[in-house]
Amino acid sequence: MPFDLGSTARLTATCRDPGGAPATAATVTLTLGLPDGTTTTVPAIETVTGSYQADYVTVQPGRHTLRWVFTGPAHAYTDVLDVQPATTHAMFSLADGRKHLRLTSTNEDEELREWIDTTTRGVEWFVGPVAIRTVTELHNVRRADVLALRQVPAVEVSAIEAVLSGDSPYEVADTDLDPATGILRRLDGGLFHGPLRVVYTAGRRIVQDNITSAGKLILQHLWRTRQGPGRPQMGTSDYDVTEPVPGLGYAIPNRAMQLLSPDQLPPGMA
């Protein structure tokens, strides 16, 4: 289960003797490998015989590694911890997802959040970014008349920086952006010379109803597939999947693809 950035992750492990029985350790060390490559140690306490617990306040988003090392008896345990960024790109709220699935309890909220994020990735495969986000891209150009930003819709360019110290930056006010295609041109008709680092925002300030509806169909399709053997896996009607989508397999039902088609990006842009 991913944790939100800034929340407290409760980490647990069991020390076992060579026979597999829980045992109190003479020493215990918990080392966390953080996403930026640094490490930190976290104090742990024994709650019951052989069971150890540590509380860690998350400070970085991303994948963490956990390494428990016990002595007397010698035992070790390795695990991972995922921390979500502070900004979410989910295409609709947890409450909206719960309402669409007709869930009356919040017991499955954490799993539902993961499926909403998965749904968002599926939708963006076809139509590009949904939620507004900041994008930083490196463009290696040599006397190019345009820059083609890679994520569209592209809302606004905030900076065009020269990577090499001897080159001059470009003023954003002296350029023109086509949001739908991500094509950036100089207003004076001149050429771009790089490499250049472009910072811009991409996504949709207003998400069209057909995109949101497609996302809800995908969410319901994926939610049904995790219900276990003996229950419908592919669904019927709106949830039929005629053939797999390259890169996505059977995750996208036909009706969702139909709803996304008016906003689907040309091949190579998604």
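Data block above holds the structure.
Model, not experiment: these values are computed from the prediction.

Asks: What am I meant to see in the packing of aromatic side chains here?
Replies: The geometry of two aromatic rings is summed up by the distance between their centres and the angle between their planes. Counted by the stated rule, this structure contains three aromatic pairs. Here tryptophan 68 and phenylalanine 70 contribute two aromatic rings whose centre-to-centre distance is 6.1 Å and whose plane-to-plane angle is 10°, an arrangement assigned as stacked. Judged on exposure class, the residue tryptophan 68 and its partner phenylalanine 70 are both buried. Ring geometry for tyrosine 170 and phenylalanine 192: centres 5.2 Å apart, planes at 65°, overall edge-to-face. Of the two residues, tyrosine 170 is situated in the loop between β12 (154–162) and β13 (175–178) and phenylalanine 192 in strand β15 (residues 192–193); the sequence distance between them amounts to 22 residues. According to the relative accessible area criterion, tyrosine 170 is buried, its value standing at 17%. Put simply, the rings of Tyr52, Trp68 and Phe70 touch in pairs and so form one group of aromatic residues.

Asks: What should I look at first to understand empty space enclosed by the protein in this one?
Replies: One water molecule sets the probe size; rolling that probe over the atoms shows where empty space is left. This model, assessed by the stated rule, comprises one cavity of 30 Å³ or more. Its boundaries defined by the atoms lining it, the largest cavity holds a volume of some 40 Å³. Taken together, Pro2, Gln84, Glu110, Arg113, Glu114 and Asp117 form the lining of the largest cavity. With four residues, the single largest contributor to the lining of the largest cavity is helix α2 (residues 109–127). The class makeup of the residues in the lining of the largest cavity is one nonpolar, one polar and four charged.

Asks: I tried to follow helix α3 (residues 209–225) on my own but got confused; where do I start?
Replies: Because each turn of an α-helix spans 3.6 residues, side chains separated by three or four positions end up pointing in the same direction. Helix length check: α3, at 17 residues, gives a terminal C-alpha distance of 25 Å against a target of 24 Å (1.5 Å per residue), a fit within 8%. The set of residues buried in α3 consists of Ile211, Thr212, Ala214, Gly215, Leu217, Ile218, Leu219, His221, Leu222 and Trp223. The inward-facing, buried residues of α3 abut α1 (94–100), α2 and α4 (254–260).

Asks: Looking at this structure, I do not really get the packing of α2 against α3. What am I missing?
Replies: Each pair of packed helices can be described by the angle between their axes along with the distance between the axes. Interaxial distance between α2 and α3 falls to 9 Å at its minimum, and their mutual angle equals 130°. The orientation of α2 relative to α3 falls into the category oblique. Crossing geometry of α2 relative to α3 is assigned as right-handed. Contact residues: α2 offers Glu111, Leu112, Trp115, Ile116, Thr118, Thr119, Val123 and Val127, while α3 offers Ile211, Gly215, Ile218, Leu219, Leu222 and Trp223. Split by residue class, the contact of α2 with α3 holds ten nonpolar, three polar and one charged.

Asks: Just checking my understanding: could you explain the pairing of strand β14 (residues 183–186) for this structure?
Replies: Remark: a regular strand shows side chains that alternate across the two faces of the sheet. Of the strand pairs in this sheet, strand β11 (residues 146–148) and β14 are connected by three bridges, and their pairing is antiparallel. Paired with alanine 148 across the strands is isoleucine 183, a residue of β14. Summarising the sheet, β13 and β14 pair through four bridges and their orientation is antiparallel. Bridging across to β14, aspartate 178 finds its partner in isoleucine 183. The hairpin formed by β13 and β14 contains four residues between the paired strands, and glycine 182 there has a positive phi angle of roughly 75°.

Asks: In this structure, what is going on with a nonpolar patch on the surface? I would like to understand it.
Replies: A cluster of nonpolar side chains, Leu138, Val163 and Leu164, forms an exposed patch at the surface whose accessible area comes to about 230 Å². Turning to its location among the elements, leucine 164 is positioned in the loop between β12 and β13. Take leucine 164: its relative accessible area is 45%, and that puts it in the partly exposed class.

Asks: Got a minute to help me understand α2 in this structure?
Replies: A rise of 1.5 Å per residue sets the reference length of α2, with its 19 residues, at 27 Å; its end C-alpha atoms lie 26 Å apart and thus fit the reference within 8%. Looking only at α2, the buried set comprises Asp109, Leu112, Ile116, Thr119, Thr120, Gly122, Val123, Glu124, Phe126 and Val127. The inward-facing, buried residues of α2 contact α1, β9 (133–139), α3 and α4. Glycine 128, located one to two residues past α2, shows a positive phi value of around 80°.

The rules we used
- Residues numbered from 1 in each chain as written.
- Predicted model: local features only at pLDDT ≥ 70, side-chain atom pairs only at ≥ 80, totals over all residues.
- Heavy atoms only, no water.
- Phe/Tyr/Trp six-rings, centres within 6.5 Å; stacked < 30°, edge-to-face > 60°.
- Buried < 20%, exposed > 50% of the residue type's maximum accessible area, 1.4 Å probe, protein only.
- Helix = DSSP H or I, 4+ residues; strand = E, 2+ residues; numbered from the N terminus.
- 1 Å grid on protein atoms, 1.4 Å probe; cavity = no way out; pocket = protein on both sides within 12 Å on 5 of 7 lines; lining within 4 Å.
- Points joined across faces, edges and corners; volume = space filled by probe spheres on them.
- Nonpolar A, V, L, I, M, F, W, Y, C, P; charged D, E, K, R; others polar.
- Expected span 1.5 Å × (residues − 1).
- Contact = heavy atoms within 4.5 Å.
- Axes fitted to C-alpha atoms, helices over the stretch in contact; angles between N-to-C directions.
- Parallel < 35°, antiparallel > 145°, perpendicular 65-115°, else oblique.
- Left-handed = near helix turned anticlockwise from the far one by under 90°.
- Pairing = 2+ DSSP bridges.
- Patch = residues over 30% accessible without salt bridge, like charges linked within 9 Å, V, L, I, M, F, W, Y side chains within 5 Å.
- Areas by Shrake-Rupley, 256 points an atom, 1.4 Å probe, with all protein chains shown as cover.
- Salt bridge = Lys/Arg side-chain N within 4 Å of Asp/Glu carboxyl O.

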